[in-house]
Each structure stands twice: as C-alpha cells, then as structure tokens.
Amino acid sequence: MANENTALVTGGAGFIGSHLVDELLNSGRKVIVVDDLSSGQLKNINSNCIFMHGDITSDALDSIFEKEKPSLVFHLAAQSSVAISSNKPLLDASTNILGTLKILENCNEHGVKKLIYSSTGGAIYGEPPELPVDESTAPRPISNYGVSKFQGEQFIELYHKLHNVNYCILRYANVYGPRQDGNGEAGVIPIFATLIQDGKQPTIFGTGEQKRDFISVHDVVRANMLAISNGKNSTYNIGSSVMYSVNQIYELIKDHYGFTKEALTGAPRAGDVFEISLDYAKAKRELEWEPEIDFENGLQETLQYIQTH
Ligand SMILES: NC(=O)c1ccc[n+]([C@@H]2O[C@H](COP(=O)([O-])OP(=O)(O)OC[C@H]3O[C@@H](n4cnc5c(N)ncnc54)[C@H](O)[C@@H]3O)[C@@H](O)[C@H]2O)c1
C-alpha cells in the first residue's frame, strides 16, 4: 500500500523541482527528493525534505521506493540541456529514457497512485505548422533532448495501457524564475543577466529573432499541484501562448541594468527551434490552470533574485 501523504520528487535539487518541493511541503506532505546533483544544487534543497543523493538509473532507486512507498511521484530528473544532448546523446538517452523506465517500473511495482511527468512543449513539437501549438499536433522533435523526452512520454502512456499506471504529462514552455542557472533548457535569462551584471557582452546565436513562450516557475509549480487532483491520464501544454524574441529579452535585461553595449553574435545552434508557443486551452479546461504571472513582472522578480544571490 502506498503512503497517502508521501510524494517523491526526482530532480528536486534542480531549478523547477526545488520550487515544487517547497510547495509540496507547504501542503503538509512528506517529501523525498532523489537527485544526483549533476545539474542541481544542494543549496536549493529544502531542509524539511528527505534527500537521497543518487542516480535515478541506479538500483538504489528501487530501495527508496520499497522503503518510502510514495503515493505521488513527480518525475523531473533529466539531462535538461539541448546543447548537451547534441554532444552527449548517450548520457541524454540514459537519464531521460532509461531513467524514466526505471521510475515507471517502480511506480508499477509499488502501487504509486499518480506519476506527474515534466515534459517539454518547447522542444517536443519541433517546428509545428501552426502557433500556438496544441496537444493534438504530432511531436516532431529536432533535438536528441526532444526525442528523449518524447520517448519518456511514450513509455508512460504504454505503462498506463499495459499496467494501469496513472499519469499526467505536463509539457512546459520555456520556464524562468529564481534559482535557474544558465545550463538548462531555457537559460537565456540567467545567462544574459549574469554576464551583463559582470559588465560582459552576451552572445546571441543566429539573428536573435527566434521566439519563445516564457512561463514563470511559480505557474509551473501550480500546474503540478493542480495535476494531483485534476490531471486525467493525459497530456497538457503549460505555457503562456505569448512569444518574446531573444532580441527583445536582451533589450529588457539591458534596460534593467542600464547596460549600453550590443550583444556579440554567434552561429545558430543545432537543435534550437526557431519559434514556439503553446496553446494552453486544454490545461485551462481540465486542470483549471492558466498562467497568472505576466512576463515582464516575472522577469523583474528573476533579475532581482540574480542580483541578490
Ligand atoms: N527549464 C525549462 O525551461 C524546462 C522546459 C521544459 C521541460 N523542462 C523539464 O523540467 C524538468 C526540470 O528541469 P529544470 O529546468 O529544473 O532542470 P535542472 O537541470 O535544474 O533539474 C534537473 C535535476 O535533475 C537532476 N538529475 C539529472 N540527472 C539525474 C539522474 N540521472 N539521477 C538523479 N537526478 C538527476 C539534476 O541534478 C537536477 O537537479 C526536466 O525534466 C526538464 O526536461 C524544463
């Protein structure tokens, strides 16, 4: 029997996972974090959770499920960088595909009530024919990272069909907010801000006219919390539908710091989509979720955090 009040968060030392851990603890749950600290940081981990330092692909994961018997699993641990996935496809596949399978095996064996999976709307659709893209559009990822996250989704759907493992898949747009570092899927804001703060010129890859849908980490955490009760065995886009170009982001951050230099330019990066924005109507209808944080306010919160940490 699963422990009703226990939630396990993989990747709980990371950017999004650590905010989710804080909220789950606030809701009165016992929270177990499994993280190998490959991109996460000890300082992000809430001292009220139980932290297990380990790799989700290792057999140590089985003993954690056996001992704690969580009823909810939030699976965020991932190799989360498009750039790293291009250079290290085997590492990416190992964590994102085999790691997800290992989680699924444990969910099935230990009677987990629901698996909530952090997927990517930013990288899974590739270059869709229409924007904002909705969930009925077939994923056509153009990066190893996008393929590996999609494979994770497919295994989750299969385990539901074959073994009745309940799930909710959340496909995020580009997530931003406090605690983000520049290495993840959408690190443009901390990368630009940190360099500008040090008086250095950031590099814009390509024309800078590539556009992204930005969503605050606080909105993303709220989607995860709503998924506990409202999420069906289904997939939801979690984004704002509003796009900002990299050049616009640069201007906003430049203005914030009163920085006057132009950015350096670099070649476009393989695997980066040119434009993406997500239609969140399904999440609004079924999860009762919609974005609440306006981008320019969320950006100011993020820049203030970067300046004080
Ligand atoms: N940040 C975004 O814009 C964004 C967008 C879409 C989807 N996502 C997804 O959200 C999730 C969290 O992303 P994030 O931005 O917080 O990234 P992050 O890199 O900050 O968090 C990932 C965490 O997983 C841990 N981890 C990596 N490999 C592991 C392994 N083998 N075993 C145990 N722990 C491991 C890392 O140490 C890190 O703490 C990921 O699944 C990512 O694919 C993020």
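Residues numbered from 1 in each chain as written. Predicted model: local features only at pLDDT ≥ 70, side-chain atom pairs only at ≥ 80, totals over all residues. Heavy atoms only, no water.

## What about the site of the ligand?
And step 1. Around the ligand sit 30 residues, and of these D35, S39, Y145, K149 and V175 come closest.
And step 2. One of the backbone nitrogen or oxygen atoms of D36 is found 3.1 Å away from a nitrogen atom of the ligand.
And step 3. At 2.9 Å from an oxygen atom of the ligand is found a main-chain nitrogen or oxygen belonging to G40.
And step 4. Coverage of the ligand by the protein chains reaches 97% of its 830 Å² of free accessible surface.
And step 5. Using a 2 Å cut-off from the grid points, one finds that the ligand occupies the largest pocket.
And step 6. Of all elements in the fold, only α1 (15-26), β5 (114-120), α6 (144-163) and β7 (174-176) reach the threshold of two or more residues within the shell around the ligand.
And step 7. Per-element accounting of the shell around the ligand gives the leading share, three residues, to β5. (Near = heavy atom within 4 Å. Polar contact = N/O pair within 3.5 Å; in protein donor to acceptor, adjacent residues only side chain to side chain. Areas by Shrake-Rupley, 256 points an atom, 1.4 Å probe, with all protein chains shown as cover. 1 Å grid on protein atoms, 1.4 Å probe; cavity = no way out; pocket = protein on both sides within 12 Å on 5 of 7 lines; lining within 4 Å. Sits in = over half its atoms within 2 Å of the grid points. Helix = DSSP H or I, 4+ residues; strand = E, 2+ residues; numbered from the N terminus.)

## Quick look at the pattern of salt bridges
And step 1. Scanning the entire structure with this criterion turns up 15 salt bridges.
And step 2. When the shortest N-O distance is used, the salt bridge between K67 and E68 registers 3.3 Å.
And step 3. One salt bridge in this structure joins E275 and K211, with 3.7 Å as the shortest N-O distance. Of the two residues, E275 sits in the loop between β12 (264-266) and α10 (281-287) while K211 sits in strand β9 (residues 211-216), which places them 64 residues apart along the sequence.
And step 4. For E275, a relative accessible area of 25% gives the class partly exposed.
And step 5. Residue classification places K211 among the partly exposed residues on the basis of a relative accessible area of 22%.
And step 6. Overlapping salt bridges bring together K30, K67 and E68 as one network. (Salt bridge = Lys/Arg side-chain N within 4 Å of Asp/Glu carboxyl O. Buried < 20%, exposed > 50% of the residue type's maximum accessible area, 1.4 Å probe, protein only.)

## Here we look at helix α7 (residues 188-197)
And step 1. Taken residue by residue, α7 has V188, I189, P190, F192, A193 and I196 as its buried positions.
And step 2. Summarising the contacts, the buried residues of α7 are in contact with β7, β8 (203-205), β9, α9 (246-257) and α11 (295-308).
And step 3. Taken from the residues just after α7, G199 is the one with a positive phi, measuring 75°. (Contact = heavy atoms within 4.5 Å.)

## A few points about the side chain of K254
And step 1. With respect to the secondary-structure elements, K254 resides in helix α9.
And step 2. Discounting residues that sit within four places of it in the chain, K254 has contacts with I196, F259, T260, K261 and E262.

## So, the sheet that holds β9
And step 1. Judged by pairing direction, the sheet is mixed, and its three strands sit side by side in the order β7-β9-β11 without closing on themselves. Each end of this open sheet is capped by a strand with a single partner; those strands are β7 and β11 (243-245). If you compare each strand with its neighbour and ignore which way they point, the axes differ by 50° on average.
And step 2. Relative to β11, β9 is paired through three bridges, and the arrangement is antiparallel. When the bridges of β11 are listed, D213 appears paired with M243.
And step 3. Relative to β11, α9 is tilted by about 75°, and along the sheet it contacts β9 and β11. (Pairing = 2+ DSSP bridges. Axes fitted to C-alpha atoms, helices over the stretch in contact; angles between N-to-C directions.)

## Observations concerning the nonpolar core
And step 1. Counting 42 residues, the largest nonpolar core has L24, F74, L170 and I238 as the members making the most contacts within it.
And step 2. Where this core is concerned, the elements lending two or more residues are β1 (3-10), α1, β2 (30-35), β4 (70-75), β6 (167-172), α8 (217-230), β10 (234-238) and α10.
And step 3. Per-element tally for this core: the top contributor is α8, with seven residues.
And step 4. Three or more residues apiece are contributed to this core by two domains, here domain 1 (3-175 + 216-238) and domain 2 (177-212 + 242-278 + 293-308).
And step 5. L8, I56, L104 and V165 belong to the second largest nonpolar core, which has 20 residues in total. (Core = buried A, V, L, I, M, F, W, Y, C linked by side-chain atoms within 4.5 Å. Domains from an automatic or database assignment.)

## A few points about the sheet that holds β6
And step 1. Taken together, seven strands build an open sheet; the order of strands is β3-β2-β1-β4-β5-β6-β10 and the sheet is parallel. Each end of this open sheet is capped by a strand with a single partner; those strands are β3 (50-53) and β10. Pairs of neighbouring strands in the sheet enclose a mean axial angle of 20°, with direction left out of account.
And step 2. With five bridges connecting them, β1 and β2 associate as parallel partners. When the sheet's bridge partners are listed, L8 is paired in β2 with I32.
And step 3. The strands touched by helix α2 (residues 60-68) are β1, β2, β3 and β4; relative to β2, the strand with the most contacts, the crossing angle is about 175°.
And step 4. Helix α4 (residues 89-109) contacts β1, β4 and β5 of the sheet and is inclined by roughly 170° relative to β4.

## Observations concerning the domain arrangement of the protein chain
And step 1. Splitting the protein chain by domain gives domain 1 (3-175 + 216-238) and domain 2 (177-212 + 242-278 + 293-308).
And step 2. Each of domain 1 and domain 2 has a C-alpha centre, and the two are 25 Å apart.
And step 3. Facing 36 residues of domain 1, the contacting portion of domain 2 comprises 22 residues.
And step 4. Interface area for domain 1 against domain 2, summed over the two sides, is near 2300 Å², with a carbon-plus-sulfur share of 54%.
And step 5. Where domain 1 meets domain 2, there are one salt bridge.
And step 6. Residue R179 pairs with D22 through a salt bridge whose shortest N-O separation is 3.0 Å.
And step 7. Linking domain 1 to domain 2 there are eight residue pairs in polar contact (both at pLDDT 80 or more). (Buried area = accessible area lost by both parts, 1.4 Å probe.)

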